[in-house]
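An overview of the molecular structure
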Amino acid sequence: MSNIWLLYSGFAAVLVFVGLYCLLSMRNLIKLFIGIEVISKGISLALVATGFAKDHILIAQALAVTFIVIEVSVVATALAIIINTYRHTGSLDVRRLTKLKG
Amino acid sequence: MILEIVLLCGLVLFSVAAVLFRDLLKAAISLAVASLLLGIIFFLMKAPYIGAFEISVVAGLITVLFIVTIALTKTGGDVREAKAASWIFPLFFVVFLALDFFVMRGLMGKIPALQGTPEQGAFGEVLWKLRTFDLVGQIGVIFAGVLAVLALFRKRDKDE
């Protein structure tokens, strides 16, 4: 059973890596948020795969449902912030936000 | 087993496409396809509830939210990304894949099989009886999200 778990965790790690790369290298605010979504896919895969490998799929599903609810709230709030930022600065460039610095 | 590996590879492929596409609409749709594949993987893991949630909420609702945002910010969407971002990616990705593969192969057989007693009952029972307070937290999070969106889109007072 642990080999299957390693397979799923390996793929979850790849997804988290792709998301982190996106967060570190991209400048578009919506792109950054897509990176966060990719990371959250990796996390939910790891959660459910651990439950599957341990024969505790029901409790893993309960945790993953909570995680998805949190994800939806975060998406709604962050996209609202992105729209407000766009109205304020006229651009989606994350570097424009440094104007308030100092 | 082969079906799972193909689906997982597709999931990674579409996630990479979502990150690398310059067109935001294509990126959002790739993300939806990746969620769909993840939902199918959950179905194969005998987790139908979370699979249905993933497909309906993440592939459906979140994609709609993304597309609405992209439509509302259409004219500002052409942000120039750093040129290095697209050609450094394959390099790092291959290095990480090799590293990941060797670490996982090294761990194979060393981690003892996870022991667990099989669960009894249905999903609803587990959710209501074992994780009751998760539901309270979920309701709190939903309210917080709704209030945050309302606060962000409130109209200015007349005297401001």
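Keep in mind it's a predicted model, so treat the numbers as computed, not measured.

1. Overview of the overall build of chain B
Scanning chain B for helices and strands turns up six helices and zero strands. The secondary structure elements of chain B, listed N-terminal to C-terminal, are α-α-α-α-α-α. Computed over C-alpha atoms, the radius of gyration of chain B comes to 21 Å, more than 25% over the 15 Å expected from 2.2 N^0.38 for 160 residues, which places it beyond the range of a compact globule. Taking all 160 residues of chain B together, the buried fraction comes to 23%.

2. A few points about the overall build of chain A
Looking only at helices and strands, chain A features three helices and zero strands. Scanning chain A from its N terminus toward the C terminus, one meets helices and strands in the order α-α-α. In terms of overall dimensions, chain A is more spread out than a globule: its C-alpha atoms have a radius of gyration of 17 Å, far above the 13 Å expected for 102 residues. Its C-alpha atoms put chain A at 50 × 25 × 20 Å along the principal axes. The 102 residues of chain A split such that 50% are buried. Residue pairs at least 24 apart in sequence account for 49% of intrachain contacts in chain A once pairs closer than 6 positions are excluded.

3. Observations regarding the interface of chain A and chain B
Each partner contributes to the interface: chain A provides 58 residues, whereas chain B provides 66 residues. Those elements that provide at least two residues to the side of chain A that touches chain B are helix H1 (2-25), helix H2 (29-53) and helix H3 (57-89) of chain A. Counting residues per element, the side of chain A that touches chain B draws most heavily on H3(A), at 23 residues. Each residue belonging to the side of chain A that touches chain B can be placed in one class, and the counts come to 38 nonpolar, 14 polar and six charged.

4. Here's the deal with the environment of B:Arg80
Residue and element names in this part refer to chain B. Locating arginine 80 in the fold gives a position in the loop between helix H3 (48-72) and helix H4 (83-107). What makes arginine 80 exposed here is the crowd of 9 C-beta atoms within 10 Å. Separated by 58 residues in the primary sequence, arginine 80 and arginine 22 place their C-alpha atoms 9.3 Å from one another.

5. Details of H2(A)
Residue and element names in this part refer to chain A. Relative to the 36 Å expected for 25 residues at 1.5 Å per residue, H2 spans 37 Å between its end C-alpha atoms, a close match to the ideal helical length. Among the 25 residues that make up H2, 19 are buried, leaving the element largely enclosed by the rest of the structure. Just past H2, the residue aspartate 55 takes up positive phi, approximately 65°.

6. With respect to the nonpolar core
Grouped together as the largest cluster of nonpolar side chains are 63 residues, with contacts concentrated most on A:Val18, A:Ile34, A:Leu45 and A:Val48. Elements with a minimum of two residues in this core: H1, H2 and H3 of chain A together with helix H1 (2-20), helix H2 (24-44) and H3 of chain B. Among the elements that line this core, the one with the most residues is H3(A), at 12 residues.

7. Quick look at the packing of H2(A) against H2(B)
It is at 11 Å that the axes of H2(A) and H2(B) come closest, and there the two elements cross at 5°. Classed by the angle they form, the pair H2(A) and H2(B) counts as roughly parallel. Along the contact surface, H2(A) presents A:Ile30, A:Ile34, A:Glu37, A:Lys41, A:Leu45 and A:Val48, while H2(B) presents B:Leu24, B:Ala27, B:Leu31, B:Ala34, B:Ser35, B:Leu38 and B:Phe42. Residues of the contact of H2(A) with H2(B), tallied by class, amount to 10 nonpolar, one polar and two charged.

8. Describing unusual backbone geometry
Trans peptide bonds make up most of the peptide bonds, and negative phi angles are found at most residues other than glycine. The phi angle at A:Asp55 is positive, at roughly 65°, despite the residue not being glycine. Take A:Asp55: it is sitting in the loop between H2 and H3. Phi is positive for B:Lys46, close to 60°, though the residue is something other than glycine. For B:Lys46, a count of 10 C-beta atoms within 10 Å corresponds to the exposed category.

9. Description of the environment of B:Val16
Following the sequence through the fold, B:Val16 ends up in helix H1. Each C-alpha atom, one on B:Val16 and one on B:Phe53, is 23 Å from the other, the two residues being 37 residues apart in sequence.

10. Observations concerning the packing of H1(A) against H2(A)
It is at 8 Å that the axes of H1(A) and H2(A) come closest, and there the two elements cross at 170°. One way to sum up the angle between H1(A) and H2(A) is to call them roughly antiparallel.

11. A short note on the environment of A:Lys41
Relative to the helices and strands, A:Lys41 resides in helix H2. Sequence separation between A:Lys41 and A:Ser9 is 32 residues; the distance between their C-alpha atoms is 12 Å. In this view, A:Lys41 contacts A:Leu15, B:Ser15, B:Ala34, B:Ser35 and B:Leu38; residues no more than four positions away in its chain are not counted.

Calculation criteria
- Here, residues in each chain are numbered from 1, in the same order as that chain's written sequence.
- Chains and ligands are labelled by the order in which they are written, letters from A for the one and numbers from 1 for the other.
- Reporting of local features is limited, given that this is a predicted model, to residues whose pLDDT is at least 70; pairs of side-chain atoms are given and counted only at 80 or more, and all residues count toward the totals for whole chains, interfaces and linings.
- Labels follow the DSSP assignment, with helices taken as runs of H or I lasting at least four residues and strands as runs of E lasting at least two, numbered in each case from the N terminus.
- Radius of gyration: over C-alpha atoms. The globule rule applied is 2.2 Å multiplied by the number of residues raised to the 0.38 power.
- Each residue is classed by its C-beta neighbour count within 10 Å, where at least 20 other C-beta atoms makes it buried, 12 or fewer makes it exposed, and intermediate counts make it partly exposed; the C-beta atoms are placed from backbone geometry.
- By definition, residue pairs are in contact when their C-beta atoms, positioned from the backbone, come within 7 Å.
- Charged means Asp, Glu, Lys or Arg here, nonpolar means Ala, Val, Leu, Ile, Met, Phe, Trp, Tyr, Cys or Pro, and polar covers whatever is left, Gly included.
- Helices are assigned an expected span. That span is 1.5 Å times one less than the residue count.
- Connectivity within a nonpolar core runs through C-beta atoms within 7 Å, and the core itself is a set of buried Ala, Val, Leu, Ile, Met, Phe, Trp, Tyr and Cys residues.
- As a rule, the C-alpha atoms of each element are fitted with a line to give its axis, helices using only the stretch in contact, and angles between N-to-C directions run from 0 to 180 degrees.
- Roughly parallel means an angle under 35 degrees; roughly antiparallel means over 145; roughly perpendicular covers 65 to 115; every other angle is labelled oblique.

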